[in-house]
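Observations on the three-dimensional arrangement
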Amino acid sequence: MSDKPNLVVLTGAGISAESGLSTFRDNNGLWNEYSVYEVATPEAWQQNPELVLEFYNQRRREVRQAQPNAAHQAISDAEADFEVTVVTQNVDNLHERAGSSQVLHVHGLITLARSSINEQVFELHDKDIQLGDHCPAGSQLRPHVVWFGEMVYHMDAAAQAISKADYLLVIGTSLSVFPAAGLVDEAPVEAHKALINKEADNVPPGFEVFQGSAAQLTPQILQAYPKQT
Ligand code: BV8
């Protein structure tokens, strides 16, 4: 049993913005270009699988080109002083590539494909998903991503980790998608709660707010947390 304090970091698209990946609800965000209902629902998948596959193939190519930024790196480095659990709504793999070892992807992971008829997942490596790419059971492969109206992953593990957090740091999320956004309510009253965001327009009660860039503020804030002597 480690005597390091428990740090849980809940991240959203804003933490990857400075790695060049689009957020969802900023002005130049993804949902301005596409309607959610065209590309991120089971109905869209039924109606226009080619468009959905191309939407994720394009984003997957951008993820492969992107590099983790100083925020991802600081969270990975924090493992020297904290038991760190990353709960991310992001489908990119930048936390892992920065070295984080405990990452819960509640909305899936774009670098994996999944069978359309069961939960089998497959590493895509440098490949895209095309119409006609089938799983061993013969169904069309889909992105391993949670669409609207679909069940979210790892919620129990995420809630469990947050319920034991000494520190909860929320970074780069509008907290507008549920049930992930509701995870902030699982933190113990006595936990130290802070939020880093470009806008401070949706701050849960009890959270200290640091308004600004995730890449600039995350290293500073984690550095300032008390270390085990
Ligand atoms: C569920 C994967 C039930 C896809 C995503 C009707 C039917 C069913 C459910 C619902 C319904 N009506 C509402 C719901 C609930 C729905 C929901 O929450 N809708 C919202 C829109 C109201 N939720 C669901 O559908 C969930 N499923 O409820 O199923 C069920 C239960 C059991 C069994 C079966 C079914 C599923 C939700 C998951 C959807 N998938 N992503 C993909 O990625 O393509 S959601 C998507 O939004 C991403 O995951 C994203 O991460 C997430 C949240 O967005 P954010 O990450 O916060 O990004 P955003 O752009 O919003 O904000 C970025 C922030 O960063 C901003 O504040 C910005 O200021 C800041 N920022 C920007 N740059 C920086 C910065 N901060 C710091 N530094 C910077 N540089």
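An account of the accompanying structure is given in this report. (Residues numbered from 1 in each chain as written. Predicted model: local features only at pLDDT ≥ 70, side-chain atom pairs only at ≥ 80, totals over all residues. Heavy atoms only, no water.)

Below, the discussion takes up the pattern of salt bridges. On inspection of all chains with the given rule, the structure shows seven salt bridges. We note a salt bridge from Arg60 to Asp128, for which the minimum N-O separation is 3.9 Å. With a gap of 68 residues between them, Arg60 in helix H5 (residues 49–65) and Asp128 in the loop between strand E5 (121–123) and strand E6 (141–145) connect regions that are remote in the sequence. Accessibility classification places Arg60 together with Asp128 in one group, the buried group. A salt bridge links Asp128 to Arg61; its shortest N-O distance comes to 2.5 Å. In this pair, Asp128 is assigned in the loop between E5 and E6 and Arg61 in helix H5, connecting sequence segments 67 residues apart. When salt bridges that share partners are traced, they join Glu54, Arg60, Arg61, Arg64 and Asp128 into one network. (Salt bridge = Lys/Arg side-chain N within 4 Å of Asp/Glu carboxyl O. Helix = DSSP H or I, 4+ residues; strand = E, 2+ residues; numbered from the N terminus. Buried < 20%, exposed > 50% of the residue type's maximum accessible area, 1.4 Å probe, protein only.)

Our focus in this paragraph is unusual backbone geometry. In most cases, non-glycine residues show a negative phi, while peptide bonds are predominantly trans. Of note, the amide linkage connecting Phe178 to Pro179 takes the cis form, showing an omega dihedral of 5°. Take Pro179: it is sitting in the loop between strand E7 (167–171) and strand E8 (192–197). At His154, a position not held by glycine, the phi torsion is positive, near 60°. Positionally, His154 belongs in the loop between E6 and helix H8 (155–163). Even without being glycine, Leu175 reaches a positive phi, approximately 50°. Within the secondary structure, Leu175 sits in the loop between E7 and E8. Judged by its relative accessible area of 7%, Leu175 falls in the buried class.

Among the 35 residues in the neighbourhood of the ligand, the closest are listed as Arg25, Arg59, Thr173, Ser174 and Phe178. The separation between a nitrogen atom of the ligand and a polar main-chain atom of Glu150 is 2.7 Å. Within the backbone of Ala214, one N or O atom sits 2.9 Å away from a nitrogen atom of the ligand. Compared with its free state, where it exposes 1,500 Å², the ligand has 75% of that area covered by protein. Listed by contribution, the elements that provide at least two residues to the shell around the ligand are helix H1 (14–17) and H5. The residue inventory of the shell around the ligand, partitioned by class, reads 14 nonpolar, 14 polar and seven charged. (Near = heavy atom within 4 Å. Polar contact = N/O pair within 3.5 Å; in protein donor to acceptor, adjacent residues only side chain to side chain. Areas by Shrake-Rupley, 256 points an atom, 1.4 Å probe, with all protein chains shown as cover. Nonpolar A, V, L, I, M, F, W, Y, C, P; charged D, E, K, R; others polar.)

Glancing now at the layout of surface pockets. Of the volumes computed, that of the second largest pocket is approximately 190 Å³. Every residue lining the second largest pocket is listed: Asn6, Leu7, Val8, Glu83, Val84, Thr85, Gln102, Leu104, Ala157, Gln160, Ala161 and Lys164. For the lining of the second largest pocket, the secondary structure elements donating two or more residues are strand E1 (6–11), strand E2 (83–88) and H8. Of the residues belonging to the lining of the second largest pocket, the class tally is six nonpolar, four polar and two charged. (1 Å grid on protein atoms, 1.4 Å probe; cavity = no way out; pocket = protein on both sides within 12 Å on 5 of 7 lines; lining within 4 Å. Points joined across faces, edges and corners; volume = space filled by probe spheres on them.)

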